[in-house]
Amino acid sequence: MWNQIRKSSGKLLSPESADCLSHRNIQVASETVHGEKLAPGWVTCDACVEESKLCKCDHSTQDLKSAVVDEADVENHPDHQANSSFAHSVINMIGMLIGLGQLSTPYALENGGWASAFLLVGIGVICAYTSHLLGKCLAKSPKSRSYTDIGQHAFGSKGRVLATTFIYLEIFMALVSYTISLHDNLATVFAGTQLRLPAWASLYKSQLLTMMGVLVALPTLWLRDLSSISFLSSGGILMSIVIFTCVSCTAIFQIVKANHSIPALHLRKIPAISGLYIFSYAGHIVFPDLYKSMKDPSKFTKVSIVSFASVTAMYASLAFMGAKLFGPEVSSQITLSMPRHHFITKIALWATVLTPMTKYALEFAPFAIQLEHSLPNSISSRTKTVVRGAVGSFLLLVILALALSVPYFEHVLSLTGSLVSVSICIVFPCAFYIKLSWPQISRPVLTLNVILVAFGFLLGVVGTISSSKLLITSLERAHHA
């Protein structure tokens with residue numbers, strides 16, 4: 001299988017070197033669920049790529065240096081990958097964290113009350129701490145290079161299987177959320193457009209537009225060139241920056257006056273919105289890769305502190321801006337609340353529409369790669385590509401059908417955060433650290449981590465129950481309507 005795309009160090013792997021790589025393919029997708037690198041890193045040296053060897057060419061900047069890395073070279077010369085500076089690592093970690101969650105933070109704050117901002121900040125602090133714990137786990141196990149490797153080192157094959165299951169589940173549910181977002185924003189973009197459908201087509205206009213959008217993105221699932229895939233996924237980060245800028249401009253230029261008051265606290269809504277907050281910080285799957293790419297891994301904790309502080313400040317500012325601008329009318333996606341006919345809104349809407357279309361290829365890479373390598377060697381490369389693309393296309397159509405059947409963005413995203421992300425971000429890192437550090441761990445640290453495991457488990461259970469009930473209620477209401 002291909003190795004994970006090393007976004008933080010700007011390295012890409014060629015398909016030709018796939019057979020000699022280990023099973024760390026899950027990282028390929030997880031770097032896209034919550035954002036990719038901000039620093040460009042998709043320029044490669046063609047001669048080195050063709051020979052599938054470590055690129056030692058002198059490119060103009062370190063951030064634009066890419067290479068094809070053989071796994072044997074990685075194990076024998078680990079320093080080849082450790083070329084990421086402190087600033088570069090901070091940029092990459094912020095890029096990994098920013099993503100779909102930013103659309104829903106204003107909705108979460110308005111529904112939970114301004115006091116729920118303490119929960120947002122608190123979860124950010126906890127996730128920064130668990131990021132630090134992952135670094136500690138990697139320091140104790142130098143051979144571990146991915147999140148699933150840590151799980152295996154701590155709890156054996158069961159730990160790897162559990163981590164892998166949750167990772168794939170998070171990817172699948174996040175893609176459903178992306179497709180729902182595509183549906184909602186496309187419907188708003190073409191709100192005044194008339195579409196003539198044949199009599200036999202029992203589809204709403206928004207459903208037809210979503211199907212067309214997914215079909216446009218479908219050919220990207222057939223890509224095998226990782227540089228093309230990385231280019232698409234990096235576009236998702238640019239779209240996130242555009243969205244934040246548009247919302248800020250709406251407030252700064254007083255396109256909408258921020259004269260709404262935010263309620264203090266809605267305690268009964270906290271379980272549901274906690275999942276939205278947790279999902280906003282879910283980038284832990286790729287942190288081991290970032291740790292391994294750093295020149296000085298001892299600064300990983302500082303990188304985590306700076307990155308989470310920056311992202312938390314951005315989320316909090318966006319949440320308060322959205323809640324003050326739109327009040328109780330704020331949508332679960334901030335872009336849907338902005339004035340529809342203003343050009344800034346159109347930019348934000350199109351940025352939100354394009355974001356899912358940049359995600360599909362990289363998100364499906366682990367599934368497609370694993371399928372391709374499970375096929376017999378006697379099958380030709382072209383046939384494997386056809387099978388891979390066909391299965392990926394089928395899975396995307398399944399996700400499309402599910403998204404159109406359950407078009408409730410806030411409930412699906414909250415369920416993803418409570419059911420899956422809370423385990424990946426809080427429960428698992430603490431459990432891994434306790435297991436790996438058991439002989440040396442002090443009583444205060446043990447107590448802290450046990451409390452965090454219990455807190456994460458409690459938050460996950462109540463959040464899953466609450467978001468599931470809201471989702472079922474919404475489905476029943478739609479059915480009766």
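Relevant structure appears above.
Residues numbered from 1 in each chain as written. Predicted model: local features only at pLDDT ≥ 70, side-chain atom pairs only at ≥ 80, totals over all residues. Heavy atoms only, no water.

Enquirer: I'm lost on the overall build of the protein chain in this one. Help?
Expert: When its secondary structure is counted, the protein chain shows 16 helices and zero strands. Buried positions account for 58% of the 481 residues belonging to the protein chain. Contacts in the protein chain between residues far apart in sequence, at least 24 positions, make up 82% of those at least 6 positions apart. (Helix = DSSP H or I, 4+ residues; strand = E, 2+ residues; numbered from the N terminus. Buried < 20%, exposed > 50% of the residue type's maximum accessible area, 1.4 Å probe, protein only. Contact = heavy atoms within 4.5 Å.)

Enquirer: Could you clarify how one ought to interpret empty space enclosed by the protein in this entry?
Expert: Rolling a probe over the atoms, with the probe sized like a water molecule, indicates the empty space that remains. One pass over the full model with this rule turns up two cavities of 30 Å³ or more. The computed volume of the largest cavity comes to approximately 80 Å³. Lining the largest cavity, in full, are G99, L100, Q102, L103, Y178, S181, S240, I243, T352, T355, P356 and K359. It is helix α13 (residues 343-374) that provides the largest number of residues to the lining of the largest cavity, a total of four residues. Partitioned by chemical class, the residues of the lining of the largest cavity number five nonpolar, six polar and one charged. (1 Å grid on protein atoms, 1.4 Å probe; cavity = no way out; pocket = protein on both sides within 12 Å on 5 of 7 lines; lining within 4 Å. Points joined across faces, edges and corners; volume = space filled by probe spheres on them. Nonpolar A, V, L, I, M, F, W, Y, C, P; charged D, E, K, R; others polar.)

Enquirer: Would you mind showing me how to read the packing of helix α7 (residues 147-189) against helix α14 (residues 381-405) here?
Expert: The geometry of α7 relative to α14 is characterised by a closest axis approach of 9 Å and an angle of 60° between their N-to-C directions. As judged from the angle between their axes, α7 and α14 are oblique. Handedness of the α7/α14 crossing: right-handed. Contact residues: F172, L175, V176, T179, I180 and H183 in α7; I399, L400, L402, A403 and L404 in α14. (Axes fitted to C-alpha atoms, helices over the stretch in contact; angles between N-to-C directions. Parallel < 35°, antiparallel > 145°, perpendicular 65-115°, else oblique. Left-handed = near helix turned anticlockwise from the far one by under 90°.)

Enquirer: Where do I start with unusual backbone geometry in this structure?
Expert: Among all residues save glycine, negative phi is the norm, and among peptide bonds the norm is trans. Of note in the backbone geometry, Q254 takes a positive phi value of approximately 55° without being a glycine. Looking at the element boundaries, Q254 is found in the loop between α9 (226-252) and α10 (270-280).

Enquirer: Please explain the packing of aromatic side chains as it appears in this structure.
Expert: A ring pair, where both rings are aromatic, is described by two values, the distance of the centres and the angle of the planes. Taken as a whole and assessed by the stated rule, the structure comprises nine aromatic pairs. On the basis of an interplanar angle of 65° and a centroid distance of 5.8 Å, the ring pair of Y147 and F432 is categorised as edge-to-face. Separated by 285 residues along the polypeptide, Y147 in helix α7 and F432 in helix α15 (residues 409-436) bring together distant segments of the chain. The class for F432 is buried, based on a relative accessible area of 4%. A ring pair is formed by Y281 and Y315, whose centres lie 5.7 Å apart and whose planes are at 75°; its orientation type is edge-to-face. (Phe/Tyr/Trp six-rings, centres within 6.5 Å; stacked < 30°, edge-to-face > 60°.)

Enquirer: Can you help me understand the pattern of salt bridges in this one?
Expert: Between side chains of opposite charge, pairing is possible as soon as their charged atoms come close. Inspection of the entire model under this criterion finds one salt bridge. Here R160 ties to D149 by a salt bridge, and the two come within 2.3 Å at their closest N and O atoms. D149 matches R160 in its accessibility class, with the two residues each being buried. (Salt bridge = Lys/Arg side-chain N within 4 Å of Asp/Glu carboxyl O.)

Enquirer: It is not clear to me how the packing of α10 against helix α16 (residues 443-480) should be interpreted in this structure. Could you clarify?
Expert: A pair of packed helices is captured by two measures, namely the crossing angle of their axes and the spacing between those axes. Where α10 contacts α16, the two axes come as close as 7 Å, and the packing angle between them is 110°. Relative to α16, the element α10 lies roughly perpendicular. Across the interface between the two elements, P271, A272, S274 and I278 from α10 touch L459, V462, G463, S466 and L470 from α16. When its residues are assigned to classes, the contact of α10 with α16 shows six nonpolar, three polar and no charged.

Enquirer: Teacher, can you tell me more about the environment of K346 here?
Expert: In this fold, K346 is placed in helix α13. Among the residues examined, K346 registers a relative accessible area of 42% and is labelled partly exposed. Separated by 11 residues in sequence, K346 and T335 have C-alpha atoms that sit 9.1 Å apart. The contact partners of K346, leaving out residues within four places of it in the chain, are R340 and H341.

Enquirer: When you look at the environment of D149 in this model, what are you seeing that I'm missing?
Expert: Position of D149 among the secondary structure elements: in helix α7. Its relative accessible area of 12% is what places D149 among the buried residues.

Enquirer: For this particular structure, what's the right way to read α7?
Expert: An α-helix turns once every 3.6 residues. As a result, residues three or four positions apart point the same way. An ideal rise of 1.5 Å per residue puts 63 Å on 43 residues; α7 reaches only 39 Å between its terminal C-alpha atoms. Maximal helix bending in α7 amounts to about 145°, located at F155. (Expected span 1.5 Å × (residues − 1). Bend = angle between axes of the 7 residues up to and from the residue.)

Enquirer: What exactly am I supposed to notice about a nonpolar patch on the surface here?
Expert: A cluster of nonpolar side chains, F457, L458, V461, V462 and I465, forms an exposed patch at the surface whose accessible area comes to about 450 Å². The residue F457 is located in helix α16 in this model. On the basis of relative accessible area, F457 is assigned to the exposed category, the value being 59%. (Patch = residues over 30% accessible without salt bridge, like charges linked within 9 Å, V, L, I, M, F, W, Y side chains within 5 Å. Areas by Shrake-Rupley, 256 points an atom, 1.4 Å probe, with all protein chains shown as cover.)

Enquirer: Help me understand α10 in this model?
Expert: Of all the 11 residues making up α10, 10 are buried; the element is thus mostly covered by neighbouring parts of the structure. Among all positions in α10, only I270, A272, I273, S274, G275, L276, Y277, I278, F279 and S280 are buried.

Enquirer: It is not clear to me how the state of the cysteines should be interpreted in this structure. Could you clarify?
Expert: What we call a disulfide is simply a covalent bond connecting the sulfur atoms of a pair of cysteines. For the structure shown, the criterion picks out zero disulfides. This cysteine, C246, is not joined by any disulfide, and C249 carries the nearest cysteine sulfur, 6.5 Å off. (Disulfide = S-S within 2.5 Å.)

Enquirer: So what exactly am I meant to see when it comes to the side chain of D184 here?
Expert: Relative to the elements of secondary structure, D184 occurs in helix α7. Comment: no salt bridge for buried D184; closest opposite-charge side chain is R340, at 9.9 Å. In terms of polar contacts, D184 uses its side chain to reach the side chain of H183, at 2.9 Å. Sequence-distant contacts of D184, that is, excluding residues within four places in its chain, are made with Q333, L336 and F409. (Lys, Arg positive; Asp, Glu negative; His and termini not counted. Polar contact = N/O pair within 3.5 Å; in protein donor to acceptor, adjacent residues only side chain to side chain.)

Enquirer: Please explain the environment of A361 as it appears in this structure.
Expert: Within the element layout of this structure, A361 appears in helix α13. Exposure remark for A361: the relative accessible area of 7% places this residue in the buried category. Once the C-alpha coordinates of A361 and L221 are considered, the two residues, 140 residues apart in sequence, prove to be 4.8 Å apart.

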